[in-house]
Amino acid sequence: MKITAAVLFAPEQPFEVTELELQEPRANEVLVRLAAAGVCHSDYHLVSGATRHPMPVVAGHEGAGVVQAVGVGVGDIRAGDHVVLNWAPDCGRCFYCLRGKPNLCEAYVGPIWAGTMLDGSPRLSLRGNPVYHFCGLASFATHAVVPRESCVVVRKDVPLDVAALVGCAVATGVGAAMYTADVRAGDSTVIFGCGGVGLSIIQGAKLCGAQAIIAVDTHSAKLEIAKQMGATVSIVAGDGAIQCILDATGGRGADHAFEAVGVPAVQEQALSAVRPGGTLVLAGLSPMGTGTNLPGAIITRQEKTVKGSYYGSVHPRRDFPLLLDLYKSGRLDLDSLISKRYPLTEINRAYADMLEGRVARGVIRLDLD
Ligand SMILES: NC(=O)c1ccc[n+]([C@@H]2O[C@H](COP(=O)([O-])OP(=O)(O)OC[C@H]3O[C@@H](n4cnc5c(N)ncnc54)[C@H](O)[C@@H]3O)[C@@H](O)[C@H]2O)c1
Ligand SMILES: [Zn+2]
Ligand SMILES: [Zn+2]
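Residues numbered from 1 in each chain as written. Chains lettered and ligands numbered in written order. Predicted model: local features only at pLDDT ≥ 70, side-chain atom pairs only at ≥ 80, totals over all residues. Heavy atoms only, no water.

S.K.: Tell me what's going on with the overall build of the chain, and back it up with residues and numbers.
M.R.: Tallying secondary structure elements over the chain gives 11 helices and 18 strands in all. Its C-alpha atoms give the chain a radius of gyration of 20 Å, within 12% of the compact-globule value 21 Å for 369 residues. The principal-axis extents of the C-alpha atoms in the chain amount to approximately 60 × 40 × 40 Å. When burial is assessed residue by residue, the chain has 57% of its 369 residues classed as buried. In the chain, the proportion of contacts linking residues at least 24 apart, taken out of those at least 6 apart, comes to 70%. Carbon and sulfur atoms make up 51% of the accessible area of the chain, which amounts to about 14300 Å² in all. Of the charged side chains in the chain, 32 are positive and 35 negative, and the gap between their average positions amounts to 4 Å. (Helix = DSSP H or I, 4+ residues; strand = E, 2+ residues; numbered from the N terminus. Rg over C-alpha atoms; globule rule 2.2 N^0.38 Å. Buried < 20%, exposed > 50% of the residue type's maximum accessible area, 1.4 Å probe, protein only. Contact = heavy atoms within 4.5 Å. Areas by Shrake-Rupley, 256 points an atom, 1.4 Å probe, with all protein chains shown as cover. Lys, Arg positive; Asp, Glu negative; His and termini not counted. Charge placed at Lys NZ, Arg CZ, Asp CG, Glu CD.)

Structure representation (structure tokens):
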């Protein structure tokens, strides 16, 4: 079938909205008509070259839509179901899946990073040449064929653009606070970076009962949104930020610091914001091949812990429905997280707005064209 998609032909180029050919779903695959796709910084890493990937590629990994058709062998997902897409599909049988870490599934990581379906071949093409799928999802498109394991069926009484955000920013952020860091009532937290991920960490910290939620960002407009989402203190990023964090935490630093930018220098700075015995959680994705210089002497003597957080340590099938229930009961404010909706044709403007700090989260609405 013919679909419309935003294609990235090479790094440092704009997305080009064009018509592509999409094959029918094969065994254990699902055809989804996308309703919404979030504008996550991780897609922009393909543009900047921070993440390397086969090209041309259809990016987009924070999507939700309605199932159109299913391939042979898919018995538990039906046409008409609303689905949130999972960018780290898990096999349920490998070393990590069996140890309760589906976000680290080792069976599917190969084809997912090769930009194909799980059988190693793409379903997208342009004039007979292959086009690759980012994260097996390629959700900057009107339609997508995805592995069945990437589909999480969700309640139908949630707007699909809100549901889309649960597929990356909300799971990553709330999960980082709730699962990776295990924030407890009364804890102090500091969050570097108030984009879709950082704002979700703020909401997760609030949900877990943190008493201090300190937001740090370079843009003061982002700090206003952070306060609306639960930040108790806001600090403009820069040289004086660490002293302000120490002042706000009895001179010790926070129990938990989160880096949600993806810049080695910020990761290094964030460790100084952690109290002795506390934890630094790295949620931002720094460019492939870069290093972060963390002082071993301080980590040892002050018993600081550094933890990576991939997809917020969530179990998508368990947690996407839970996060939407928390939204419906008013415990997560996902409506305010979406500050702008764009048609697919305006995807380059959507990314420019993200880079300039003009939005909490932008969302591409596939029904706006
Ligand atoms: N770990 C995961 O599983 C996972 C999942 C999704 C996204 N990510 C990564 O998380 C990071 C954030 O993603 P996002 O979509 O929220 O991005 P975003 O661009 O929406 O937000 C980043 C925020 O950081 C702020 N910022 C920039 N420089 C800063 C600095 N020096 N100090 C403090 N704040 C600064 C920006 O103003 C912006 O508000 C990216 O690196 C992204 O790739 C990781
Ligand atoms: Zn697995
Ligand atoms: Zn993302």
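S.K.: Give a detailed account of the coordination of the zinc ion (ligand 3), specifying residues and quantitative values.
M.R.: Within the protein, the atoms that donate to the zinc ion (ligand 3) are Cys-40 (SG), His-61 (NE2) and Cys-168 (SG), at distances of 2.0 to 2.3 Å. Of note, the zinc ion (ligand 3) draws all its donor residues from one chain, in the sequence arrangement C-x20-H-x106-C. Here His-61, found in the loop between strand S4 (57–58) and strand S5 (63–70), pairs with Cys-168, found in helix H4 (residues 160–180); they are 107 residues apart in sequence, far enough to count as distant. Cys-168 carries the same exposure label as His-61, and that label is buried. (Donors = N, O, S within 2.8 Å, 3.2 Å for Na, K, Ca; no water.)

S.K.: Explain the coordination of the zinc ion (ligand 2) residue by residue, including any values.
M.R.: Protein coordination of the zinc ion (ligand 2) is provided by Cys-91 (SG), Cys-94 (SG), Cys-97 (SG) and Cys-105 (SG), with donor distances spanning 2.4 Å. In the primary structure, the donors to the zinc ion (ligand 2) are separated according to the pattern C-x2-C-x2-C-x7-C. Residue Cys-91 is classed as buried on the basis of its relative accessible area of 11%.

S.K.: How would you explain the pattern of salt bridges if you had to name every residue and give the values?
M.R.: Per the stated rule, a full pass over the model turns up 22 salt bridges. The shortest N-O distance in the salt bridge between Asp-325 and Arg-155 comes to 2.7 Å. Placement of the pair is Asp-325 in helix H10 (residues 316–328) and Arg-155 in the loop between strand S10 (151–154) and H4, with a sequence separation of 170 residues. Look at Asp-325 and you get partly exposed, because its relative accessible area is 38%. You can call Arg-155 partly exposed: its relative accessible area is 32%. Shared partners join several salt bridges into a network, and the residues in it are Lys-340, Glu-346, Arg-349, Asp-353, Glu-356 and Arg-358. (Salt bridge = Lys/Arg side-chain N within 4 Å of Asp/Glu carboxyl O.)

S.K.: Quick one: what's the story with the site of ligand 1, residue by residue and with numbers?
M.R.: Among the 30 residues in the neighbourhood of ligand 1, the closest are listed as His-41, Ser-42, Asp-217, Tyr-311 and Arg-361. Here an oxygen atom of ligand 1 sits 3.2 Å away from a polar atom, N or O, in the side chain of His-219. Considered on its own, ligand 1 offers 860 Å² of accessible surface; in the complex 91% of this is hidden by protein. Only helix H1 (41–48), H4, helix H5 (196–207) and strand S12 (212–217) provide two or more residues apiece to the shell around ligand 1. A total of 3 residues in the shell around ligand 1 trace back to one element, the largest contributor, which is H1. Here the residues of the shell around ligand 1 are counted per class, giving 15 nonpolar, 12 polar and 3 charged. (Near = heavy atom within 4 Å. Polar contact = N/O pair within 3.5 Å; in protein donor to acceptor, adjacent residues only side chain to side chain. Nonpolar A, V, L, I, M, F, W, Y, C, P; charged D, E, K, R; others polar.)

S.K.: Please provide a residue-by-residue account of the state of the cysteines, values included.
M.R.: The full count for this structure, using the stated rule, is 0 disulfides. Here Cys-135 is not cross-linked by a disulfide; its sulfur's nearest cysteine counterpart is in Cys-168, at 8.3 Å. When its relative accessible area of 5% is taken as the criterion, Cys-135 is described as buried. (Disulfide = S-S within 2.5 Å.)

S.K.: Please give an account of the sheet that holds strand S1 (residues 2–8) that cites residues and values.
M.R.: The strand order around the closed barrel built from 5 strands is S1-S2-S7-S8-S4, with neighbouring strands paired in mixed fashion. Summarising the sheet, strand S7 (residues 124–126) and strand S8 (residues 129–133) pair through 3 bridges and their orientation is antiparallel. Paired with Leu-126 across the bridge in S8 is Asn-129. (Pairing = 2+ DSSP bridges.)

S.K.: How would you explain the packing of aromatic side chains if you had to name every residue and give the values?
M.R.: Under the criterion given, the structure shown has 9 aromatic pairs. When the centroid spacing of 3.8 Å and the interplanar angle of 0° are considered together, the rings of Trp-87 and Tyr-311 count as stacked. A residue pair is termed long-range when its members are at least 10 positions apart, and Trp-87 in the loop between strand S6 (82–85) and helix H2 (95–98) and Tyr-311 in the loop between strand S16 (305–308) and H10 qualify at 224 residues. Look at Trp-87 and you get buried, because its relative accessible area is 10%. Judged by centre distance (6.2 Å) and plane angle (55°), the ring pair of Tyr-311 and Phe-320 falls under tilted. There is no split in this pair, since Tyr-311 and Phe-320 are both buried. Put simply, the rings of Phe-15, Tyr-44, Phe-140 and Tyr-351 touch in pairs and so form one group of aromatic residues. Stacked on the ring of Phe-95, the Lys or Arg Arg-99 has its end atom at 3.8 Å from the ring centre. (Phe/Tyr/Trp six-rings, centres within 6.5 Å; stacked < 30°, edge-to-face > 60°. Lys NZ or Arg CZ within 6 Å of the ring centre and 35° of its normal.)

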